[in-house]
Amino acid sequence: MERCFWVSGGVKAARMADTMITITGKSQVFCDGVARRSFLRIGGLALGGLNLPTLLRAEAASSTPRRHKSVIMVFLPGGPSHQDIWDLKPDAPKEIRGEFQPIQTSIPGFHLCEHLPGLASQMDRFAVIRSLVGAKNEHASEICFSGFGYKDSQERNQPSLGAAASKLLGPVDPAIPPFVSLCHTTPNRWKDPGRSGFLGSAHRPFLPAGEDRQNMALNGLTLTRLQSRKQLRDTFDRFRRGLDASGVMDSVDRYSQQALDVLTSGRLLEALDVEREEPRVRRRYGQGSLDAVDDGAPLNNEDFLTARRLVEAGARCVTISFGRWDTHSCRKAGDLAYKNNFAQLRDYLPRLERCLLALMDDLRERGLEQDVSVVVWGEMGRTPRINPNGGRDHWPQVAGCILAGGGMQTGQVIGSTNRYAEVAQDRPVHYQQVFATLYRQLGLDVRHIKVPDFNGRPQYLVEHRDVIPELI
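Residues numbered from 1 in each chain as written. Predicted model: local features only at pLDDT ≥ 70, side-chain atom pairs only at ≥ 80, totals over all residues. Heavy atoms only, no water.

Asks: Help me get a handle on the confidence of the model for the chain, residues and values and all.
Replies: With 72% of its residues at a pLDDT of 70 or more, the chain has an overall mean of 82. Low pLDDT (under 50) marks residues 1–64, which in the prediction has 161 contacts with non-local residues, meaning those over four places away or in another chain. Low pLDDT, under 50, characterises residues 210–223; the predicted model gives this stretch 46 contacts beyond four residues in sequence or across chains. (pLDDT = per-residue confidence, 0-100. Contact = heavy atoms within 4.5 Å.)

Asks: Quick one: what's the story with the pattern of salt bridges, residue by residue and with numbers?
Replies: Two side chains of opposite charge can pair, provided their charged atoms sit close to one another. Applying the stated criterion across every chain yields a total of 33 salt bridges. A salt bridge links aspartate 362 to arginine 308, with the nearest nitrogen and oxygen atoms 2.9 Å apart. Taken together, the residues span a long stretch of sequence, with aspartate 362 in helix α12 (residues 341–365) and arginine 308 in helix α11 (residues 302–313) at a distance of 54 residues. The same class applies to aspartate 362 and to arginine 308, which are both buried. (Salt bridge = Lys/Arg side-chain N within 4 Å of Asp/Glu carboxyl O. Helix = DSSP H or I, 4+ residues; strand = E, 2+ residues; numbered from the N terminus. Buried < 20%, exposed > 50% of the residue type's maximum accessible area, 1.4 Å probe, protein only.)

Asks: Summarise helix α13 (residues 431–442); cite the residues concerned and give the values.
Replies: End to end, α13 covers 17 Å across 12 residues, agreeing with the expected 16 Å (1.5 Å per residue, within 8%). The element α13 is extensively covered by neighbouring structure, given that 11 of its 12 residues are classed as buried. Following α13 by one or two positions, glycine 443 has its phi on the positive side, about 100 degrees. (Expected span 1.5 Å × (residues − 1).)

Asks: I'd like a rundown of the packing of helix α6 (residues 161–169) against α13, residues and numbers included.
Replies: Their axes nearest at 12 Å, the elements α6 and α13 cross at an angle of 30 degrees. One finds that α6 runs roughly parallel with respect to α13. Crossing of α6 over α13 shows right-handed handedness. Residue-level contacts link Leu161, Ala164, Ala165 and Leu169 of α6 to Phe435, Leu438, Tyr439 and Leu442 of α13. For the contact of α6 with α13, a count of residues per class yields 8 nonpolar, no polar and no charged. (Axes fitted to C-alpha atoms, helices over the stretch in contact; angles between N-to-C directions. Parallel < 35°, antiparallel > 145°, perpendicular 65-115°, else oblique. Left-handed = near helix turned anticlockwise from the far one by under 90°. Nonpolar A, V, L, I, M, F, W, Y, C, P; charged D, E, K, R; others polar.)

Asks: Can you explain the pairing of strand β14 (residues 372–377)? Please cite residues and give values.
Replies: For β14, a buried count of 6 out of 6 residues is recorded, marking the element as mostly surrounded by other parts of the structure. Here β14 shows two buried faces, one formed by Val372, Val374 and Val376 and the other by Ser373, Val375 and Trp377. As judged from the 6 bridges shared by strand β6 (residues 70–75) and β14, these two strands associate in the parallel manner. Paired with serine 70 across the bridge in β14 is valine 372. Across 5 bridges, β14 lies against strand β17 (residues 399–405) in antiparallel orientation. Residue pairing across strands places valine 374 opposite alanine 404, the latter belonging to β17. (Pairing = 2+ DSSP bridges.)

In structure tokens form, the structure reads like this:
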């Protein structure tokens, strides 16, 4: 029987800065008639999907981490220029082919942009899809996190992959949210971290991002307000010792005990704290910047490192947003608002390459490469023809993506476009088929899974439910 309850002020509290944390308190009578002691009040702390009846159904984590499958989804806001990165057309007219030269990769006959030499030399560890279809002419992150465009996602109240993994698989460790988003806040639809949709707010992503990411803001409760990470951890340790000694926890149910485990465990804070990482590993990724790129996301290299730390700790899905790839090169109010498409890619591509190679090396060294699937993509492609400002405009007709890890068959290129990179010429692959494949790598067969929506109607997670056989 599900019990509903409330928590209120208590007799034991710790005031750190201006935030009240109450752990034990006065006895209350619950709506099922059972007396309980109000034991938990965290001022300003909202933990996303960490609610009692859903997240906390997992068994208590053992001292040895269990192997689990995870997905890291890297969203490139704006839509990267496919024909300047992985689908170059050197024989096309200049206004089509652009400024970059192709270089041979470790896959015979496949070329990448000259500004990705490291990736080119290690293409055996990656797979590229050049014939991705199903994009919408919409600037929004939803299609890269759920497989549905913004409007479709809104109308269907469609959940993202991370929310579905949270619902269907639950947490690996009660102290680690199954779905975490490192996406940055932007003044547009690139900020959505992956909606929970009809699965309910219990499965929305945990958002450790805030105004100052370096302070590890936890949904409004910053560590600056708590003075220091050490003070927070030491205070929780004292609470736990006091509760164990008092026997208070004997009077609350198992889910409530696990809820306290989530809030008082140091594992989540430790996973988010990249300062704990070895200096050589941090140098491999580079620091990047927390400054937003115009109206897009920052190029924060350490988000990739944080994502690795989170999946290693137990997260099933982590989403990242990286940069601003909407390269119209347009003018705004008489001034050049955004860099020329090619100038911007000269800057962006080496940064993305460094982060991606560092992530894959890191996963391999930790024995996680076969367990963690990685996808890198944007919400559309760019126009084959370069516009008068030296940029490329929206082109939803075809796009592409890079995949790695997770036990997928890498070292291959799937699909192609016509001579001007306008449309998929052979082997068109829908965005949702990539999702079907990623779900499969998590152990979920979307051909046979239906999840009830708010009205109790069973819903598929994607409409295109065939996996990509070349990757399996």
